[in-house]
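Structural characterization, general
Each chain is listed here by its residues.
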Amino acid sequence: MLPIVSIFNLVSALFFGGITLKLYLSYKKKKDENLGNFFKGFLSLTILLVLIASPGLIFSDLKTISLMYAIYPFFTLLGVAYFGVIPLKVLGWKKTKELFFRSMVGIAVVITFFNIIDWQPAIVHQQAPFIYWEDTRGDVMNIILGAVLGLTLLLIAVFFINQGLKSSDKFVKIRAFFIAAGIISLIMSAGTNFIFGASAQEYLGSIMANFFNVLAAVLIAAGIYYKPKTSS
């Protein structure tokens, strides 16, 4: 049987991993704090994608697969936390930035704790020629996760859209709109995964979520690395 969901997650992980490496090299060279936060955000999301790519490709034990599903939301929320401190730094809200980051990490720890104490073997779905697995968190926890991620990402997207609209610099506008579009793609992925994705054909939802993940990576990377054309 083909672990279709894991394969698509692996594709996303490789894509995010490549961008993470490029961001790391840029950050190491420039020492820019915002670039560093983008790097840490992409690194966290790469780790989560590796974890959810492991069922069927690395692990087959249902308890181990369930553990991967229990801990990956921590890295999801951590990645969003690093993205979220960027606009707060730009605004100069140092105390709010620290409170936001600590709150997001706290929420991530609490959610991971509850996921682990209710640690049950993963649910197996087979629909020839595909096999895929489902977490045992339940609808309520998934909806909470989706809501926290969606709301936080929406606020980040609104910031970048507002920055683009306020700026008279075309270069700044394009960068801001690229990043905002990427964040909106992550919102679509979170909604598909945690709120709308649970169904008898869950692998279809996962494929859609992975499409939005890759699109988000492309758009955010385009925004980070976009440079105006120089006249010759």
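Moving on, we get to the pattern of salt bridges. In the structure shown here, the tally under the stated rule is three salt bridges. Here Glu33 and Lys97 are joined by a salt bridge, their closest N and O atoms 3.3 Å apart. In this pair, Glu33 is assigned in helix α2 (residues 33–53) and Lys97 in helix α4 (residues 94–117), connecting sequence segments 64 residues apart. Since its relative accessible area comes to 41%, Glu33 is described here as partly exposed. Taken together, the shared-partner salt bridges connect Glu33, Lys89 and Lys97 into one network.

The next thing to look at is a positive patch on the surface. A cluster of basic residues, Lys22, Lys29, Lys30 and Lys227, forms a positive patch at the surface. Looking at where Lys29 falls in the secondary structure, it is placed in helix α1 (residues 4–30).

Here we take up the packing of aromatic side chains. Under the counting rule described, the total for this entry stands at 11 aromatic pairs. Ring centres of Phe16 and Phe42 lie 5.4 Å apart, and the angle between their planes is 45°; on these two criteria the pair is classed as tilted. You can see Phe16 sitting in helix α1 and its partner Phe42 sitting in helix α2, a full 26 residues away along the chain. We classify Phe16 as buried; its relative accessible area is 1%. Ring centres of Phe159 and Phe160 lie 5.2 Å apart, and the angle between their planes is 75°; this geometry places the pair in the edge-to-face category. The exposure classification of Phe159 matches that of Phe160, with both residues buried. Looking at Lys22, its charged tip hangs above the ring of Tyr225, at a distance of 4.9 Å from the centre.

It is at 9 Å that the axes of helix α3 (residues 62–91) and α4 come closest, and there the two elements cross at 170°. Relative to α4, the element α3 lies roughly antiparallel. For the contact of α3 with α4, a count of residues per class yields 20 nonpolar, four polar and two charged.

Another point: the environment of Asn9. Position of Asn9 among the secondary structure elements: in helix α1. Judged by relative accessible area, which is 5%, Asn9 ranks as buried. In sequence terms Asn9 and Ile207 are 198 residues apart; their C-alpha atoms lie 8.4 Å from each other. Ignoring anything within four residues of it in the chain, the contact list for Asn9 reads Leu49, Ile52, Ala53, Ser206 and Asn210.

Moving on, we get to the nonpolar core. Counting 50 residues, the largest nonpolar core has Leu23, Phe38, Phe42, Phe160, Ile183 and Leu186 as its most contacted members. Among the elements of the structure, α1, α2, α3, α4, β2 (130–134), α5 (139–166), α6 (170–195) and α7 (202–225) are those that each provide at least two residues to this core. In terms of residue count, the dominant contributor to this core is α3 (11 residues). Not counting the four nearest positions on each side in its chain, Phe160 is found in contact with Phe38, Ile86, Ala176, Ile179 and Ala180. Core analysis: the second largest hydrophobic core is formed by five residues, Ile4, Val5, Phe130 and Tyr132 among them.

Below, the discussion takes up the pairing of strand β1 (residues 123–127). The pairing of β1 with β2 spans five bridges and is classified as antiparallel. Paired with Gln127 across the two strands is Phe130, which belongs to β2. Connecting β1 to the antiparallel partner β2 that follows it, the hairpin turn spans two residues.

Each value, and the rule that gives it
Residues numbered from 1 in each chain as written. Predicted model: local features only at pLDDT ≥ 70, side-chain atom pairs only at ≥ 80, totals over all residues. Heavy atoms only, no water. Salt bridge = Lys/Arg side-chain N within 4 Å of Asp/Glu carboxyl O. Helix = DSSP H or I, 4+ residues; strand = E, 2+ residues; numbered from the N terminus. Buried < 20%, exposed > 50% of the residue type's maximum accessible area, 1.4 Å probe, protein only. Patch = residues over 30% accessible without salt bridge, like charges linked within 9 Å, V, L, I, M, F, W, Y side chains within 5 Å. Areas by Shrake-Rupley, 256 points an atom, 1.4 Å probe, with all protein chains shown as cover. Lys, Arg positive; Asp, Glu negative; His and termini not counted. Charge placed at Lys NZ, Arg CZ, Asp CG, Glu CD. Phe/Tyr/Trp six-rings, centres within 6.5 Å; stacked < 30°, edge-to-face > 60°. Lys NZ or Arg CZ within 6 Å of the ring centre and 35° of its normal. Axes fitted to C-alpha atoms, helices over the stretch in contact; angles between N-to-C directions. Parallel < 35°, antiparallel > 145°, perpendicular 65-115°, else oblique. Nonpolar A, V, L, I, M, F, W, Y, C, P; charged D, E, K, R; others polar. Contact = heavy atoms within 4.5 Å. Core = buried A, V, L, I, M, F, W, Y, C linked by side-chain atoms within 4.5 Å. Pairing = 2+ DSSP bridges.

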